[in-house]
Amino acid sequence: MTERSESTERLFQQLDDLVADVIDQFATQGHGTAVVIETLQDVLAKRQLAYQRDPDPAEDPVDDPANDWPGADDRTGAKE
């Protein structure tokens, strides 16, 4: 077995354990196992689509209007 396949197998097992915990958590809240699994599939499909559109949204420029006011450039704190 190669290091990559062992890593992939380990990742699969870790995710499988987490997903089992998530399913159990929501199923015990009364949502029903089948509903939780279907909803989880929908969530994953939505995330996969978003990732395909923009793999790293953190790299996108941010248009921050928070500093778009006349006094924003006055860093002295002095009042006029």
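Scroll up to find the structure this text is about.
Residues numbered from 1 in each chain as written. Predicted model: local features only at pLDDT ≥ 70, side-chain atom pairs only at ≥ 80, totals over all residues. Heavy atoms only, no water.

**Q** Describe a negative patch on the surface, listing the residues and the values that go with them.
**A** The grouping of D16, D17, D21 and D24 at the surface amounts to a negative patch. Of note, D21 is situated in helix α1 (residues 3-31). (Patch = residues over 30% accessible without salt bridge, like charges linked within 9 Å, V, L, I, M, F, W, Y side chains within 5 Å. Areas by Shrake-Rupley, 256 points an atom, 1.4 Å probe, with all protein chains shown as cover. Salt bridge = Lys/Arg side-chain N within 4 Å of Asp/Glu carboxyl O. Lys, Arg positive; Asp, Glu negative; His and termini not counted. Charge placed at Lys NZ, Arg CZ, Asp CG, Glu CD. Helix = DSSP H or I, 4+ residues; strand = E, 2+ residues; numbered from the N terminus.)

**Q** Before we move on, could you go through the environment of A20 and cite the residues and values that matter?
**A** As for its position among the elements, A20 is in helix α1. When the C-alpha atoms of A20 and I37 are compared, they prove to be 9.8 Å apart, with 17 residues separating the residues in sequence.

**Q** Lay out the packing of α1 against helix α2 (residues 33-53) in plain terms, naming residues and giving numbers.
**A** Remark: α1 packs on α2, axes separated minimally by 8 Å, with the N-to-C direction vectors making an angle of 130 degrees. Taken together, the axis directions place α1 and α2 in an arrangement best described as oblique. Both α1 and α2 take part in a crossing whose hand is right-handed. Judged by residue contacts, V19, V22, I23, F26, A27 and H31 of α1 engage T33, V35, V36, I37 and L40 from α2. In terms of residue class, the contact of α1 with α2 is made up of nine nonpolar, two polar and no charged. (Axes fitted to C-alpha atoms, helices over the stretch in contact; angles between N-to-C directions. Parallel < 35°, antiparallel > 145°, perpendicular 65-115°, else oblique. Left-handed = near helix turned anticlockwise from the far one by under 90°. Contact = heavy atoms within 4.5 Å. Nonpolar A, V, L, I, M, F, W, Y, C, P; charged D, E, K, R; others polar.)

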